[in-house]
Amino acid sequence: MDIYVAWAFILGVMCSVSLVIGALLGIYFKMSKRIVGLMAAFGAGALLSALAIELVAPSIDAFMRASSAEVRAHEVRNFFHLVAGAFVGGIVFVMLDWVLIEHGGYLRKTAYLISKFMHEQAPLPTGEELEKKHAAHGNAAVAIWLGNLLDGLPESFVVGTVLMATVTASVQAGSPVVFWDVLPYTLLAGLFLSNLPEALSSSAQMRMQGMGVQRILLMWLSLVLMTGIAAALGAVMGEWVPHNAMVFIEGLAAGAMLTMICAAMLPEATHLAPPNWVGLATLSGFFSALLFKVLE
């Protein structure tokens, strides 16, 4: 069991190391907003594909394969547990995100910034006005960090649970359990690709807060460490928590992820790049993640 928890931690780090790469790119290179937007759209599409394949499809498949009415009824209950967890996860994400936005977390994304000022019927801040907004929120950098933590923890938790599900299936089938054979490549690709533009845009906002490069990188490294721990926790719970409760917990994480994609990633992409291009990039990301599943 300990080795599988370690594998989950490593996998969580692998998914989130792109945060550090994105931060370095955002700090040292001036990347086009259009490119950042298209990367966010591609990552959103990949993440949507991973969610559908790794979290929703297994419940549907188990229901379709049910050999008796009793088993089918059991799988129907599991599916409703998944749906209930998803709605709870979405609501919790919205509530926590709202708290962070009120404390300056809206500065982490262009989409949040535009939405906030449109609802307040106020002109969008630019240049010096935007810098004043950053200065007015002395804790905005921390809110930005917490916002990215809120985005990342459900994703990495799911990584651990999916890994343990794959390991369990291999053990039951009597197959040798090898690290590279049980990796959920679809989820890994989706998370890696979605984290890159997240760090790109957020690091630029942190710089506007007057944060030094070393502090920014340390904050992203701490996120990488915490996502690794969340993945390890997912693996532990995937081993010991009853299956129906685990389905609810996976739904909780999936609901938070799906809400985040629709509330943050896709609006951000649309504000940074032409909408039609965003649509094609999302489509490309969706089927690229599917390709990873085919090649597993």
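These numbers were taken from a predicted model, which means no experiment stands behind them.

**Student:** Which parts of the structure should I look at to understand the overall build of the protein?
**Tutor:** Check the secondary structure of the protein and you find 11 helices and zero strands. Its helices and strands in sequence order give the protein the pattern α-α-α-α-α-α-α-α-α-α-α, from N to C terminus. Considering the protein as a whole, with its 296 residues, one finds that 49% of them fall into the buried category. Of all intrachain contacts in the protein linking residues separated by at least 6 positions in sequence, the fraction that spans at least 24 positions is 84%. For the protein, the accessible surface area stands at approximately 14100 Å², while carbon and sulfur atoms represent 70% of it.

**Student:** Explanation requested: a nonpolar patch on the surface in the structure shown.
**Tutor:** The grouping of Phe9, Ile10, Leu225 and Ile229 at the surface amounts to a nonpolar patch, some 340 Å² of accessible area in total. Secondary-structure elements contributing two or more residues to the nonpolar patch are helix 1 (2-28) and helix 9 (213-240). Looking at the element boundaries, Ile229 is found in helix 9. With relative accessibility at 47%, the residue Ile229 sits in the partly exposed group.

**Student:** What is the right way to read the packing of aromatic side chains from this model?
**Tutor:** For any pair of aromatic rings, geometry is given as the distance between the ring centres together with the angle between the planes. Counted according to the given criterion, the structure contains five aromatic pairs. On the basis of an interplanar angle of 70° and a centroid distance of 5.4 Å, the ring pair of Trp7 and Phe179 is categorised as edge-to-face. Of this pair, Trp7 sits in helix 1 while Phe179 sits in helix 7 (residues 179-182); the two residues are 172 residues apart in sequence, bridging distant segments of the chain. Considering the side-chain rings of Phe179 and Trp180, the 5.1 Å spacing of their centres and the 75° angle between planes classify their relative orientation as edge-to-face. What links up through ring pairs into an aromatic cluster is the set Tyr4, Trp7, Phe179 and Trp180. The residue whose ring lies beneath Arg34 is Trp277, and the NZ or CZ to ring-centre distance is 5.1 Å.

**Student:** Help me understand the packing of helix 1 against helix 9 in this model?
**Tutor:** Packed helices, taken two at a time, are described by their axes: the angle between them and the distance between them. Axis separation between helix 1 and helix 9 bottoms out at 7 Å; the angle between their running directions is 155°. As far as their axial angle goes, helix 9 and helix 1 are roughly antiparallel. For the crossing formed where helix 1 meets helix 9, the hand is right-handed. For the contact of helix 1 with helix 9, the residue count by class is 25 nonpolar, four polar and no charged.

**Student:** Quick question: what am I supposed to make of the confidence of the model for the protein here?
**Tutor:** In regions of low pLDDT, the predicted coordinates are not meant to be interpreted in detail. Taken residue by residue, the protein gives an average pLDDT of 81. The fraction at 70 or more is 83%. Mean pLDDT across the secondary structure elements of the protein bottoms out at helix 5 (residues 128-136), with 51, and peaks at helix 1, with 90. Note on residues 134-138: pLDDT is under 50 here. Beyond four places in sequence and across chains, it has 12 contacts.

**Student:** Help me out: how do you make sense of the packing of helix 2 (residues 33-64) against helix 10 (residues 243-272) in this one?
**Tutor:** Where helix 2 contacts helix 10, the two axes come as close as 9 Å, and the packing angle between them is 155°. With respect to helix 10, the axis of helix 2 lies roughly antiparallel. Handedness of the crossing formed by helix 2 with helix 10: left-handed. Every residue of helix 10 that contacts helix 2 at Lys33, Arg34, Val36, Gly37, Ala40, Ala41, Gly43, Ala44, Leu47, Leu48, Leu51 and Leu55 is listed here: Glu250, Ala254, Met257, Leu258, Met260, Ile261, Met265, Leu266, Ala269 and Leu272. When its residues are assigned to classes, the contact of helix 2 with helix 10 shows 17 nonpolar, two polar and three charged.

**Student:** Is there a simple way to explain the environment of Arg72 in this structure?
**Tutor:** For Arg72, the position within the fold is in helix 3 (residues 69-102). Linking Arg72 and Ala62, residues 10 residues apart in sequence, is a C-alpha distance of 8.2 Å. If sequence neighbours within four positions are ignored, Arg72 has contacts with Phe63, Met64 and Ala66.

**Student:** What should I look at first to understand the side chain of Thr282 in this one?
**Tutor:** Within the secondary structure, Thr282 is located in helix 11 (residues 275-295). Owing to a relative accessible area of 14%, Thr282 belongs among the buried residues under this scheme. Apart from the residues within four sequence positions on either side, Thr282 is in contact with Ala41, Phe42, Gly45 and Leu266.

**Student:** Explain the environment of Leu183 here, please?
**Tutor:** Mapped onto the elements of the fold, Leu183 is located in the loop between helix 7 and helix 8 (185-208). Expressed as a C-alpha distance, the spacing of Leu183 and Met164, which sit 19 residues apart in the sequence, is 9.8 Å.

**Student:** Which parts of the structure should I look at to understand the side chain of Ser194?
**Tutor:** Take Ser194: it is sitting in helix 8. Since its relative accessible area comes to 2%, Ser194 is described here as buried. Of note is the side chain of Ser194, whose polar atom sits 3.0 Å from the backbone oxygen of Leu191. Excluding its chain neighbours within four sequence positions, the residues that come into contact with Ser194 are Gly43, Leu47 and Met265.

What counts and what doesn't
- Residues numbered from 1 in each chain as written.
- Predicted model: local features only at pLDDT ≥ 70, side-chain atom pairs only at ≥ 80, totals over all residues.
- Heavy atoms only, no water.
- Helix = DSSP H or I, 4+ residues; strand = E, 2+ residues; numbered from the N terminus.
- Buried < 20%, exposed > 50% of the residue type's maximum accessible area, 1.4 Å probe, protein only.
- Contact = heavy atoms within 4.5 Å.
- Areas by Shrake-Rupley, 256 points an atom, 1.4 Å probe, with all protein chains shown as cover.
- Patch = residues over 30% accessible without salt bridge, like charges linked within 9 Å, V, L, I, M, F, W, Y side chains within 5 Å.
- Salt bridge = Lys/Arg side-chain N within 4 Å of Asp/Glu carboxyl O.
- Phe/Tyr/Trp six-rings, centres within 6.5 Å; stacked < 30°, edge-to-face > 60°.
- Lys NZ or Arg CZ within 6 Å of the ring centre and 35° of its normal.
- Axes fitted to C-alpha atoms, helices over the stretch in contact; angles between N-to-C directions.
- Parallel < 35°, antiparallel > 145°, perpendicular 65-115°, else oblique.
- Left-handed = near helix turned anticlockwise from the far one by under 90°.
- Nonpolar A, V, L, I, M, F, W, Y, C, P; charged D, E, K, R; others polar.
- pLDDT = per-residue confidence, 0-100.
- Polar contact = N/O pair within 3.5 Å; in protein donor to acceptor, adjacent residues only side chain to side chain.

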